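# Geometric and topological summary
Residue strings, one per chain:
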Amino acid sequence: MARVNADYRERKRIVFEARGRHFTNVREPAADGGPVGYSSTELLLIAVGNCTLGALLNHELLREVDVARASAVLEAEMVPNPTRIERIDVTVELEVADAAVRAQREAVEVAACGCPLCNTLGDKVQVRVRLAGPQRSPSA
């Protein structure tokens, strides 16, 4: 079982501890009106991105493949009353030299949502994968 301790200190920051490691998120307002640290929604998106990319790059389709670049953009669509996340859109971009892997985009897309968070959030998470070959530098 995963366990995290959260300690709200001085009504300004939350110190998280897991497995002996600490992370502090500042909850004071910034000039833009948001928190200095991450909002709760941003923390969830960070967790989904970590889970998605980690599970995908460790999946049997990509584990032994040369992946030159792997990135994700995550966006949360919010709704009011009560405020909640309606949907999380995840766009994963992979640069893979192996043409056989690029031909399996749908399988890679399914694998991208095989992490525990994606499995838990179910149809709230929509994952799209873009597979590209190696980027060639322009000739001189």
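See the structure printed just above.
These numbers were taken from a predicted model, which means no experiment stands behind them.

Taken together, three strands build an open sheet; the order of strands is E1-E2-E3 and the sheet is antiparallel. Each of the sheet's edge strands pairs with one partner strand only, and the pair in question is strand E1 (5-9) and strand E3 (21-26). Taking each pair of neighbouring strands and ignoring which way they run, the sheet shows an average axis angle of 20°. When E1 meets strand E2 (residues 13-18), the two strands line up antiparallel, connected through five bridges. Paired with Tyr8 across the bridge in E2 is Ile14.

Here we take up the state of the cysteines. In this structure the tally under the stated criterion is two disulfides. A sulfur-sulfur separation of 2.4 Å characterises the disulfide bridge that pairs Cys51 with Cys115. Residues Cys51 and Cys115 are joined through a disulfide that is right-handed, its torsion about the S-S bond being 125°. Of this pair, Cys51 sits in helix H1 (residues 40-57) while Cys115 sits in the loop between helix H3 (105-112) and helix H4 (116-121), and the two are 64 residues apart along the sequence. Looking at Cys51, the relative accessible area reads 16%, which means it is buried. Since its relative accessible area comes to 1%, Cys115 is described here as buried. Between the sulfur of Cys113 and that of Cys118 lies a disulfide, 1.5 Å long from S to S.

Moving on, we get to H1. Under the 1.5 Å per step criterion, the end-to-end length of H1 is 26 Å for 18 residues, consistent within 8% with the ideal 26 Å. Of the positions making up H1, those classed as buried are Leu45, Val48, Gly49, Cys51, Thr52 and Leu56. On its buried side, H1 packs onto strand E4 (67-79), strand E5 (84-96), H3 and H4.

Here we take up the packing of aromatic side chains. In total, this model carries one aromatic pair according to the counting rule given. Look at Phe16 and Phe23: their rings are 6.1 Å apart centre to centre, the planes differ by 25°, and that puts the pair in the stacked class. Taking relative accessible area as the criterion, Phe16 reaches 22% and is therefore assigned partly exposed.

Moving on to the nonpolar core. The biggest cluster of nonpolar side chains holds 22 residues, and the ones touching the most others in it are Leu56, Leu62, Leu94, Val108, Val127 and Val129. With six residues, E5 is the single largest residue contributor to this core. In this view, Leu94 contacts Leu56, Leu57, Leu62, Val67, Arg69, Ala70, Val108, Val129, Arg130, Leu131 and Ala132; residues no more than four positions away in its chain are not counted.

This part is about unusual backbone geometry. With an omega dihedral of -10°, the bond running from Asn81 to Pro82 counts as a cis peptide bond. If you trace the backbone, Pro82 turns up in the loop between E4 and E5. Positive phi, close to 50°, is recorded for Arg19, a residue that is not glycine. For Arg19, the position within the fold is in the loop between E2 and E3. When its relative accessible area of 69% is taken as the criterion, Arg19 is described as exposed.

Cut-offs used in this document
- All chains use their own residue numbering, which begins from 1 and follows the written sequence.
- pLDDT decides what is reported in this predicted model: residues at 70 or higher carry local features, side-chain atom pairs at 80 or more are listed and counted, and totals for whole chains, interfaces and linings draw on all residues regardless.
- Excluded from the side-chain calculations are hydrogens and water; all other atoms, namely the structure's heavy atoms, are used.
- Between any two strands, pairing holds if DSSP finds at least two bridges.
- Every helix listed is a DSSP run of H or I at least four residues long, and every strand listed is a run of E at least two residues long, numbered separately from the N terminus.
- To obtain each axis, a line is fitted to C-alpha atoms, and for helices this fit is confined to the stretch in contact; angles are then taken between N-to-C directions over 0 to 180 degrees.
- Sulfur atoms of two cysteines make up a disulfide when they are within 2.5 Å.
- Accessible area is worked out with a 1.4 Å probe on protein chains only. A residue is then buried under 20% of its type maximum, exposed over 50%, and partly exposed in between.
- Under the convention used throughout, the expected extent of a helix is 1.5 Å for every residue step, that is, one less than its residue count.
- When checking whether two residues touch, look at their non-hydrogen atoms; a contact exists if any pair is within 4.5 Å.
- Aromatic contacts are taken between Phe, Tyr and Trp rings whose centres are within 6.5 Å, Trp giving its six-membered ring; a plane angle under 30 degrees counts as stacked, one over 60 as edge-to-face, and the others as tilted.
- Buried Ala, Val, Leu, Ile, Met, Phe, Trp, Tyr and Cys residues form a nonpolar core when they are joined through side-chain atoms within 4.5 Å.

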